[in-house]
Amino acid sequence: MAVTIEDLYRNYGILADAKDNLSQHKDAYQVILNGVKGGPKEKRLAAQFIPKFFNSFPEMANAAINAQLDLCEDEDVSIRRQAIKELPRFASGENILKVSDILTQLLQTDDTAEFNQVNAALISIFKIDAKGTLGGLFSQILQGEDIVRERAIKFLSTKLKTLPEDVMTKEVEEYIFTETKRVFEDVTGEEFVLLMRVVSGLRVLQTVNGRQQLVELVVEQADLEQALDTADPDTVDRLLQCTRQALPLFSKNVHSTRFITYFCQHVLPNLSTLTSPVAELDIQLEVLKLLAEMSPFCGDMDKLEANLNTLFATLLEFMPRPPEEVENGENSANEEPKLQFSYVECLLFSFHQLGKKLPDFLLDKVDAERLKDFKIRLQYFARGLQVYIRQLRVALQGKTGDALKTEENKIKVVALKITNNINVLIKDLFHNPPSFKSTVTLSWKPVQKTEAAATKRPSTEEMGGSTNKQIPPQPRRDARQIYNPPSGKYSATIGNFNYEQRGGFRGGRGRGFGGRGNRSRGRIY
């Protein structure tokens, strides 16, 4: 015989009046549990009555939780919401893990209001027992269905930072870090990024040692022991994402040396063959920007001279020699080279930073002919640079406010930053001996207040000043010749450095960033 509304209210009254003798009325509580088999009204009442007396019948705990769970899966969304709202009342003692596991699985709902209810319930039980709640979440991340895993990870990445310190204790944060390392054994690219946000925000890791541990995690995911397969977009994507996750962790005490070494040994020699994981991404510029951002944090490096040689050789590739003159003494338009300012800014900056560690590199480690060639390229580049700086300043002169916010002028502003940066760095390299003292802020980075601004542009004499290794004078040009600057090239993404990983990494490698194996399907609570 089906339980009626009257049956539920009558048995509720028996239990409410029993006070200290509740345990003697199991039959009355069983009637309330049977209410989940009634109609919509009976189910709504049962959803409220079951948790109210739950703690008084420990021997019926499993039956009570399962009854409430049936209501959480009801076809009527209003009944589901009511049952979910009451679930935190079951979260006590050893039941916290089970309730958390159930709520985590319920994150797969497509109903917005219901999804928000599940989120609120999870936050509620976090405040009861954070570690127990995390146990249920990580259990589903490691073993649950893909949709549940995905939403559980997103829950952690968005909600943990909102919890107060008395909930996110040191013990809880250490547990999160331990479990996250287990998840990292088999993750997609998107999961890796989200989980790095979680662990990077943990207070327990905001120390030099903690940040070093995070870098070690990223190094393992980046697989820096393996050669780079430049033809595989997934492998390139993994390196990009890992480097971007490591960048905020680097400091004067947490070094980028292993990443820079890998870039010098495996990336720069194969720069032209890199396969971009995203069609519209300028992969070469992206890689060079990452290298430039890491370079100030390089520590002691094995094979420093060899790595500097590789970087130097790459820089030369982007710094053209002056074109040969035709019979009338003017440059041939067909041979006019492109000046790729965005690339050169990155490479010069990186060379300038690493050069500080071996300041005699240009004087003692580069042969005279190669140095001569480099100085010719530098001087040619610098002369073209001066023309562009003047043109940009004229174009931007008098423009303020909204006038500088047009797309065209934004590009010109960034272009001026790039050319000024290159100008300062070239001036340093023309010193005798080469200097590595100037400070510039990369064009896509916010300007630092403490930046030592260059106050004077180098003159032709300064850039071609005397050095220990003299360069034979170039053939004198006709005095009437007007200098025709080479064409400049700025990246279409000039000033932008916000490439984000689009979806998971395709393909697998058995450990990390792979395609995860099939997980169990269906209800596992």
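This structure is a prediction, so every number in the text was calculated from the model and none was measured. Residue numbers here run from 1 along each chain, matching the order of that chain's written sequence. The predicted origin of the model limits local features to residues at a pLDDT of at least 70 and limits the giving and counting of side-chain atom pairs to 80 or more, whereas totals for whole chains, interfaces and linings rest on all residues. Where side-chain values are given, they derive from all heavy atoms of the structure, hydrogens and water being excluded.

**Concerning the overall build of the chain**
From N to C terminus, the chain includes 21 helices and two strands. Relative accessible area decides the class of each residue, using a 1.4 Å probe on protein chains only: under 20% of the type maximum gives buried, over 50% gives exposed, and in between gives partly exposed. In the chain, which comprises 525 residues, the share counted as buried stands at 50%. Sequence separation of at least 24 residues holds for 76% of the intrachain contacts in the chain that already meet a minimum separation of 6. For the chain, the exposed area adds up to about 25200 Å²; of that, 47% sits on carbon and sulfur atoms. The helix and strand labels rest on DSSP assignments: H or I over at least four residues marks a helix, E over at least two residues marks a strand, and numbering proceeds from the N terminus. Contact criterion: two residues are considered in contact whenever any of their non-hydrogen atoms come within 4.5 Å of each other. What sets the accessible areas is the Shrake-Rupley method with a 1.4 Å probe; for residues, cover comes only from the shown protein chains.

**Considerations on the environment of N409**
You can see N409 is positioned in helix α20 (residues 407-429). For the pair N409 and L392, spaced 17 residues apart in sequence, the C-alpha separation works out to 9.5 Å. For N409, the residues in contact, after removing those within four places along its chain, are L396, K399, A403 and L404.

**Details of the nonpolar core**
By size, the foremost hydrophobic cluster in this structure holds 157 residues, and its most contacted members are Y29, I50, L103, L134 and F374. In contact with F374, other than residues within four places in its own chain, are F312, L315, L316, M319, L362 and L429. Among buried residues, the Ala, Val, Leu, Ile, Met, Phe, Trp, Tyr and Cys ones that are joined through side-chain atoms within 4.5 Å form a nonpolar core.

**Quick word on the side chain of N95**
Among the structural elements, N95 can be located in the loop between α5 (77-86) and α6 (96-105). Take N95: its relative accessible area is 14%, and that puts it in the buried class. The residues contacting N95, other than those within four sequence positions of it, are F54, I65 and F90.

**Concerning the packing of aromatic side chains**
The pairing test for Phe, Tyr and Trp rings, Trp by its six-membered ring, is centres within 6.5 Å, and the orientation test on the planes gives stacked under 30 degrees, edge-to-face over 60, and tilted for anything in between. For the structure shown, the criterion picks out 16 aromatic pairs. On the basis of an interplanar angle of 85° and a centroid distance of 6.4 Å, the ring pair of F138 and Y175 is categorised as edge-to-face. Placement of the pair is F138 in helix α8 (residues 130-143) and Y175 in helix α10 (residues 170-183), with a sequence separation of 37 residues. Of the two residues, F138 and Y175, neither departs from the other in class, the shared state being buried. Among the aromatic side chains, those forming a connected cluster through ring pairs are Y9, Y12, F49 and F53. Placement of a positive charge over a ring is assigned whenever Lys NZ or Arg CZ falls within 6 Å of the ring centre and within 35 degrees of the normal to the ring plane. When the ring centre of W444 is taken as reference, the NZ or CZ atom of K289 above it lies at 4.9 Å.

**A look at the pattern of salt bridges**
A side-chain nitrogen of Lys or Arg and a carboxyl oxygen of Asp or Glu constitute a salt bridge if their distance falls within 4 Å. The final tally for this structure, using the stated rule, is 20 salt bridges. One salt bridge in this structure joins E150 and K154, with 3.3 Å as the shortest N-O distance. With E150 and K154 both in helix α9 (residues 146-159) and four residues apart, the pair spans about one turn of that helix. On the accessibility criterion, E150 (36% relative accessible area) is partly exposed. Residue K405 pairs with D402 through a salt bridge whose shortest N-O separation is 3.8 Å. There is no split in this pair, since K405 and D402 are both exposed. In the salt-bridge network here, residues are joined through shared partners; they are R321, D373 and R377.

**So, α10**
Here α10 spans 20 Å end to end across 14 residues, near enough to the 20 Å set by a 1.5 Å rise per residue. V172, E173, Y175, I176, F177, E179, T180 and V183 are the residues of α10 that are buried. Structurally, α10 contributes buried residues whose contacts are with α8, α9, α11 (189-200) and α12 (208-222). Take the number of residues in a helix, subtract one, and multiply by 1.5 Å to get its expected span.

**Looking at helix α7 (residues 112-126)**
Side chains three or four residues apart in an α-helix point the same way, a direct result of the helix having 3.6 residues per turn. Taking 1.5 Å as the rise per residue, α7 with 15 residues should run 21 Å; its terminal C-alpha atoms sit 21 Å apart, in good agreement. Those residues of α7 that fall on the buried side of the exposure criterion are E114, V118, N119, A121, L122, I123, I125 and F126. At the N-terminal end of α7, a side-chain oxygen is found 3.3 Å from the backbone nitrogen of A113, two or three residues along, and the residue is D111. Between N or O atoms, a polar contact is any pair within 3.5 Å; within protein, one atom must be a potential hydrogen donor and the other a potential acceptor, and residues adjacent in sequence are included only when both atoms are from side chains.

**As for the environment of A231**
Topologically, A231 is positioned in the loop between α12 and α13 (233-246). According to the relative accessible area criterion, A231 is exposed, its value standing at 55%. In this structure, the C-alpha to C-alpha distance between A231 and T273, residues 42 residues apart in sequence, is 7.0 Å.

**A few points about the packing of helix α3 (residues 40-52) against helix α4 (residues 61-72)**
To define axes, lines are fitted to C-alpha atoms, for helices over the stretch in contact only, and angles between the resulting N-to-C directions are given on a 0 to 180 degree scale. As a packed pair, α3 and α4 sit with axes 10 Å apart at the nearest point and diverge in direction by 145°. Relative to α4, α3 is oriented so that their crossing is left-handed. Of α4, the residues touching α3 (which contributes K43, A46, A47, I50 and P51) are A64, A67, Q68 and L71. Of the residues in the contact of α3 with α4, the class split is seven nonpolar, one polar and one charged. For any pair of crossing helices, the crossing counts as left-handed if the nearer helix is rotated counterclockwise from the farther one by less than a right angle, and right-handed if it is rotated clockwise. Gly is put with the polar residues, along with every residue not named as nonpolar or charged; the nonpolar set is Ala, Val, Leu, Ile, Met, Phe, Trp, Tyr, Cys and Pro, and the charged set is Asp, Glu, Lys and Arg.

**Re unusual backbone geometry**
Residue P433 is bonded to the preceding N432 through a cis peptide linkage, with omega at 0°. Examined against the element boundaries, P433 turns out to sit in the loop between α20 and α21 (460-463). Despite not being glycine, D223 has its phi angle at roughly 60°, a positive value. For D223, a relative accessible area of 16% translates into the label buried.

**Regarding the confidence of the model for the chain**
On average, residues of the chain carry a pLDDT of 84, and 82% of them reach 70 or more. Within the model, the stretch residues 450-512 combines pLDDT values under 50 with 146 contacts to residues more than four positions away or in other chains. Confidence of the predictor at the level of single residues is given by pLDDT, which spans 0 to 100. When the criterion is pLDDT under 50, residues 515-525 qualifies, and its contacts beyond four places in sequence or with other chains add up to 36 contacts.

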